[in-house]
Amino acid sequence: MDGCGGPAGRRHRHRDAGPRHVVRAAVRAGGAVGSGRRVTPTVPADAPPLHDELGRPMDSTTFSMNRAELDLPSPVDHVRSPRTRAMVRVQNRMLDAAREFLRDESVTEIRPPIIGPVTDPGGRGAKQVDVDYYGRRYRLMTSAILYKQVTLTGFDAIYAIAPNVRLEPLETAVTHRHLAEFHQIDVEVAGASRDEVMLLAQRLVGHIVTRCLSDCQGELSELGRETAELSRALEPFDRMTHAEAVAALMDSGHPQDPGAEIDWQGEELLSSRAPRPFFVVDYPKGSRGFYDRESPSEPGLLRNFDLLAPGGYGELASGSEREYDYGRIVTRMRETGENPAKYGWYLEAARAGIPASAGFGIGLERLTRYVAGLPAVWQASLYPKVPGVFAP
RNA sequence: UCCCCCGUAGCUCAAUUGGCAGAGCAGCCGGCUGUUAACCGGCAGGUUUUUGGUUCGAGUCCAAACGGGGGAGCCA
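In short, a report on the structure.

The rules behind the values
- Residues numbered from 1 in each chain as written.
- Chains lettered and ligands numbered in written order.
- Predicted model: local features only at pLDDT ≥ 70, side-chain atom pairs only at ≥ 80, totals over all residues.
- Buried ≥ 20, exposed ≤ 12 C-beta atoms within 10 Å, placed from the backbone.
- Helix = DSSP H or I, 4+ residues; strand = E, 2+ residues; numbered from the N terminus.
- Pairing = 2+ DSSP bridges.

## A word on the pairing of strand 13 (residues 304-309)
Reasoning step 1: Buried residues dominate strand 13, accounting for six of its six residues.
Reasoning step 2: The side-chain alternation of strand 13 yields two buried faces, one formed by Asn304, Asp306 and Leu308 and the other by Phe305, Leu307 and Ala309.
Reasoning step 3: Two elements, strand 12 (residues 278-281) and strand 13, share four bridges in a ladder whose sense is antiparallel. Directly across from Val281, in strand 13, lies its bridge partner Phe305.
Reasoning step 4: As paired elements, strand 13 and strand 14 (residues 314-321) share six bridges and run antiparallel to each other. By the bridge assignment, Phe305 is partnered in strand 14 with Gly319.
Reasoning step 5: What sits between strand 13 and strand 14 in their antiparallel hairpin is a turn of four residues, with Gly311 showing a positive phi close to 75 degrees.

Here's what the structure looks like:
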């Protein structure tokens, strides 16, 4: 037994302490010897077929969340494993390097709240976690974006390294790149353009990689990371538009809706071909949050970007120029299906005036996975929360 | 099944984060005009889906119900 499943046939229902939010996962043991954990996903039976990372079709109603199948060790085995210890040392060096770089760029580190009356809507499929805050419903932050923008009324350039919690769909447990709890290196610069923060992101990642290459040779070697490949992150990052990415995918026979986000497999395809990290810019309006600013010169396109790693590691970071005009924020909220009334304090600040800005968030665990060459993102966390898997 | 959004005049929708519910079309009255998606002026039109709650005050916030729409391996 893995210590998390119950006796065969027993069903667990886990609920958090909040008054409304309920975390539900049906769990029952399966298999003769192992402690199978079968999870019933919240996906309709007529949903498109799911595929695992190797493209194998998965049965959406019966796929297993078996800890062993996901290669998840016990918490204690994980913490004391030499590989985990090497990963943590690399991650430490990454964080030191990030702070070193941002300090030299005169970017001020802040500590944003982890709970608040409202948070970024986040991914469509992800749920937010409610917290009972003296009888009022507060939420665990899914992003620091609202605080980043408002904080710029008092600072020119800020960053935060903060946890985010998003209850991703159970299917993301097998993507090797989703965690329900993760950290972002969140940077925001007043008055900056998208291109300026893209360059900043490139230099930040470059600095982090430089430090790890010089100071963590032993760890990277222990982890089996190919450093010649990693050092290509020191080259200038390539850039393509979303439209170009779509065309490239279509040419490869990969179906891709030009008006939609690039899907998981398409992103991996682009990533696996790339020699070095690269940006995808100008996503079509409609798939991103209300805070991504629409291009004034090219309506329908957002002035945003994603940063993807080579080698199939996929997305590392995401950023944009922000919308800061009160009226346009309200309009964009409506367009993206948000109720402006819920964003009281943020809109009040926007009405009073928040500066134009651009910024980005780098997924710390994803970047660690890339730098350290880890097969799965959960290996970049000491106490990983793989979606749907109950873990300390 | 879960999450989110919406429900305002007969119809299509406003009301910009709590402060006197508005417009266009349709309807009715009158005017103008060989009209044809007519035009001009006027009139009428509402228990803001329902029930409860918070508030000095609710279309707006909260809870529940009903109805409609969207989303659910992309969005670190």
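## Re the environment of Glu229
Reasoning step 1: Turning to its location among the elements, Glu229 is positioned in helix 6 (residues 227-230).
Reasoning step 2: C-alpha separation for the pair Glu229 and Leu199, spaced 30 residues apart in sequence, amounts to 21 Å.

## With respect to unusual backbone geometry
Of all residues except glycine, most have a negative phi; of all peptide bonds, most are trans.
Reasoning step 1: Here the phi dihedral of Ser106 falls at roughly 60 degrees; this positive angle occurs in a residue that is not glycine.
Reasoning step 2: Note on Ser106: 8 C-beta atoms within 10 Å, which makes it exposed.
Reasoning step 3: A positive phi angle, close to 60 degrees, is found at Asp282, a residue other than glycine.

## Considering the sheet that holds strand 15 (residues 357-363)
Reasoning step 1: Spatial strand order, 5-9-10-15-14-13-12-11: eight strands in an open sheet with mixed pairing. Strands with a single pairing partner mark the edges of an open sheet, and in this sheet they are strand 5 (108-109) and strand 11 (238-241).

## What about the sheet that holds strand 6 (residues 115-116)?
Reasoning step 1: Taken together, the three strands give an open sheet; going across it, the order is 6-8-7, and neighbouring strands pair in antiparallel fashion. Across the chains shown, the open sheet's two edge strands, defined by having one partner strand only, are strand 6 and strand 7 (130-133).
Reasoning step 2: With four bridges connecting them, strand 7 and strand 8 (residues 136-140) associate as antiparallel partners. Counterpart to Val131 in the pairing with strand 8 is Tyr138.

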